[in-house]
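Chain by chain, the residues run as shown.
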Amino acid sequence: MTTEPDFLVRELSTPSVWPDSAVNAPGGDVSLAGVSLAELAERHGTPVYVLDETEVRSRARAWRRALPDAEVVYAAKAFVCRAVVDWMDEEGLGLDVCSAGELELAATRGFPPERVVLHGNAKSPRDLRTALRLGVGRIVIDSDCEIARIASQVPKGAAQKVLVRVLPGIEAGAHRKVRTGAEGQKFGLSIAGGDAEDAVVRVLGQPGLELAGLHCHLGSQITSTEPYGEAVRRVVAFLARIRDRHDVTLPELDLGGGFAAAYLPGDAAPSPAAYGHRITEELADACAEFAYPPPRLTVEPGRSIMAPAGVALYRVLSVKRTGAQMFVAVDGGMSDNPRPALYGARYTVRMVGRTTAAPMRATTVVGRHCEAGDILAEDVELPEDVRPGDVLAVPASGAYQVSMASGYNMTGRPPVVAVAGGRSRLLLRRETFEDQRARDVGV
Ligand SMILES: Cc1ncc(COP(=O)(O)O)c(C=O)c1O
Ligand SMILES: N[C@@H](CCCC[NH3+])C(=O)O
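As annotated in an unreviewed UniProt entry, the protein is Diaminopimelate decarboxylase from Streptomyces melanogenes. Note on the protein: under the UniProt heading Subunit (unreviewed entry), the record states "Homodimer." As recorded by UniProt, the Catalytic activity (unreviewed entry) comment attached to the protein reads in full: "meso-2,6-diaminopimelate + H(+) = L-lysine + CO2".

*Asks:* For this particular structure, what's the right way to read the packing of aromatic side chains?
*Replies:* Each aromatic ring pair is characterised by the separation of its centres together with the angle its planes make. Applying the stated rule across the entire model yields 6 aromatic pairs. Arranged with centres 4.7 Å apart and planes meeting at 65°, the rings of F259 and Y275 form a pair that is edge-to-face. Of this pair, F259 sits in the loop between β12 (252-254) and α10 (272-290) while Y275 sits in helix α10, and the two are 16 residues apart along the sequence. The two residues F259 and Y275 agree in class, both being buried. Ring centres of Y263 and Y347 lie 5.4 Å apart, and the angle between their planes is 85°; on these two criteria the pair is classed as edge-to-face. With Y263 in the loop between β12 and α10 and Y347 in the loop between α12 (339-343) and β16 (350-352), this residue pair connects regions lying 84 residues apart in the sequence. Given a relative accessible area of 5%, Y263 falls into the buried group. Taken together, W63, Y228, F259 and Y275 form an aromatic cluster joined through their ring pairs.

*Asks:* I keep staring at the site of ligand 1 and nothing clicks. Help me out?
*Replies:* Lining the immediate environment of ligand 1, one finds 16 residues, of which H217, S220, G258, E300 and Y400 sit closest. K77 is positioned such that a nitrogen or oxygen atom in its side chain is 3.4 Å from an oxygen atom of ligand 1. Protein chains shield 91% of the accessible area of ligand 1, which is 390 Å² for the free molecule. At a threshold of 2 Å from the grid points, most atoms of ligand 1 map onto the largest pocket. Residues that form the shell around ligand 1 fall into these classes: 4 nonpolar, 7 polar and 5 charged.

*Asks:* How should I be thinking about the UniProt feature "modified residue: N6-(pyridoxal phosphate)lysine" (unreviewed entry) in the protein in this particular structure?
*Replies:* As recorded in UniProt, the feature "modified residue: N6-(pyridoxal phosphate)lysine" (unreviewed entry) lies at K77. Positionally, K77 belongs in the loop between β5 (71-75) and α4 (82-90). For K77, a relative accessible area of 27% corresponds to the partly exposed category. Setting aside chain neighbours within four positions, we find K77 in contact with D96, C98, E102, Y400 and S403. Engagement of the side chain of K77 in a polar contact is seen with the side chain of D96, the distance being 3.3 Å.

*Asks:* I keep staring at the site of ligand 2 and nothing clicks. Help me out?
*Replies:* In the vicinity of ligand 2, the residues found are K77, V178, S220, R303, R339, Y343, Y400 and M404. Within the side chain of Y343, an N or O atom sits 2.7 Å from a nitrogen atom of ligand 2. Burial of ligand 2 by the surrounding chains reaches 82%, relative to a free accessible area of 310 Å². Taken together, the residues that form the shell around ligand 2 break down as 4 nonpolar, 1 polar and 3 charged.

*Asks:* Teacher, can you tell me more about the layout of surface pockets here?
*Replies:* A probe matching the size of a water molecule, rolled over the atoms, marks out where space remains unfilled. In this model, the largest pocket occupies a volume close to 810 Å³. Lining the largest pocket are 39 residues, with K77, V178, H217, S220 and Y400 positioned closest to its centre. Each residue belonging to the lining of the largest pocket can be placed in one class, and the counts come to 14 nonpolar, 14 polar and 11 charged.

*Asks:* Would you mind showing me how to read helix α5 (residues 100-108) here?
*Replies:* Because an α-helix packs 3.6 residues into every turn, residues spaced three or four apart end up facing the same way. Among all positions in α5, only A100, E102, L103 and A106 are buried. Seen from one end, α5 has its buried residues packed into an arc of 165°, which puts them on one side. Elements in contact with the buried residues of α5: α4, β6 (94-97), β7 (116-118) and α6 (125-134). A positive phi of about 70° marks G110, the residue just after α5.

*Asks:* Just to check I follow, could you spell out the UniProt feature "binding site: pyridoxal 5'-phosphate" (unreviewed entry) in the protein for this structure?
*Replies:* In the numbering adopted here, UniProt assigns the feature "binding site: pyridoxal 5'-phosphate" (unreviewed entry) to G258, E300, P301, G302, R303 and Y400. The annotated residues that sit in the lining of the largest pocket are G258, E300, P301, G302, R303 and Y400. As for its position among the elements, G258 is in the loop between β12 and α10. Accessibility expressed as a relative area gives 8% for G258, which makes it buried. Position of E300 relative to the elements: it lies in the loop between β13 (296-299) and α11 (303-306).

So, how was this worked out
- Residues numbered from 1 in each chain as written.
- Chains lettered and ligands numbered in written order.
- Predicted model: local features only at pLDDT ≥ 70, side-chain atom pairs only at ≥ 80, totals over all residues.
- Heavy atoms only, no water.
- UniProt positions renumbered as here; feature names shortened; annotations may be inferred.
- Phe/Tyr/Trp six-rings, centres within 6.5 Å; stacked < 30°, edge-to-face > 60°.
- Helix = DSSP H or I, 4+ residues; strand = E, 2+ residues; numbered from the N terminus.
- Buried < 20%, exposed > 50% of the residue type's maximum accessible area, 1.4 Å probe, protein only.
- Near = heavy atom within 4 Å.
- Polar contact = N/O pair within 3.5 Å; in protein donor to acceptor, adjacent residues only side chain to side chain.
- Areas by Shrake-Rupley, 256 points an atom, 1.4 Å probe, with all protein chains shown as cover.
- 1 Å grid on protein atoms, 1.4 Å probe; cavity = no way out; pocket = protein on both sides within 12 Å on 5 of 7 lines; lining within 4 Å.
- Sits in = over half its atoms within 2 Å of the grid points.
- Nonpolar A, V, L, I, M, F, W, Y, C, P; charged D, E, K, R; others polar.
- Contact = heavy atoms within 4.5 Å.
- Points joined across faces, edges and corners; volume = space filled by probe spheres on them.
- Arc of directions from axis to C-beta.

Below, the structure written as structure tokens:
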């Protein structure tokens, strides 16, 4: 196995978008945590997602180190399964869930419910029932109409801890569709418009609810620390206003997630330490300015823990050379990775398991679904002689791919395999035709 750093940089060409354990192996292979990607593709079939457990754990730890006094709550929506629940538990993180399904999954592993935060702009009766039955630590209120609804379900004499999700009016995030801190979209209660303050007052008036603090989530794939600084300033100013007007000092501030991952070489993705430093400094300054006792902080990273740990493997099904263009079609696509179609997300791709002297050529890697927009990666460099049967690897695939996978064209959602210490284990098996047929009860 070749491990020289120079060779790695040249061959993988994008070391920062690969997990730390990725090294070149003989025959054009790449090994992850000592496991051959070409072999995994062979053994499990393709598409298959590979998750580097050590990378996930070390990123989770980096967040805990970055904010040692804060609660770090992993956003399960990025990707969750029972093993991930265990890893987060073992690393001392909490869990951000937004459905009864995610919550019940955590419960099957005995995840401490007090470390769970329930989100959702439209929590279903089952979500709320499950959260109250299991005793989640925090429910985040996102609309006026759920205040009385939640309060009415809390047993007499008890009080459910809640946070009010406020809208600081900040535009941040990689794409309009994931900017949740701005005015004029469905999440949160506006500070500027007065809805946040109204909600705070209403929650304070409910005996079944204990208002622990405020929550805000700016958006996703935020590549700078600056919006977090601005959010801290605005939300602490609002906390101080609540104190001054309503005589209550709220002890908690949850700043949500949104921290970036690198998808392309050179992408800006500040480290947890950089985000943590900015947040800590701004919080200290803002609290000093308003003479506000520093609230207990929570952050909810999802992507920054999970995206860099995952590699998607596909097999080439067809190659089409039309004029100057080369389309390489693989056996997955928008059903396992809708991100390019939804957000114009960009990825790198490399061939795995074969060497070639053929020159590299600009290529569009497309999926197998019935849409022209079913593109996985545009303008990536692949060898000109790429052919059906070749395996392609897409790094930075750990977040919001498998968790957003769909049943489009009944191709079956892909399996997920974890690698660590030279071994692999299946976490999620491939969705089979039998699974799909079992749902179809209409005849
Ligand atoms: C409330 C909340 N917290 C945390 C996250 C995690 O975001 P990210 O994966 O971008 O860190 C999200 C999704 O953006 C969210 O909606
Ligand atoms: N699904 C989005 C992120 C949304 C985060 C959820 N709050 C993405 O893949 O970029």
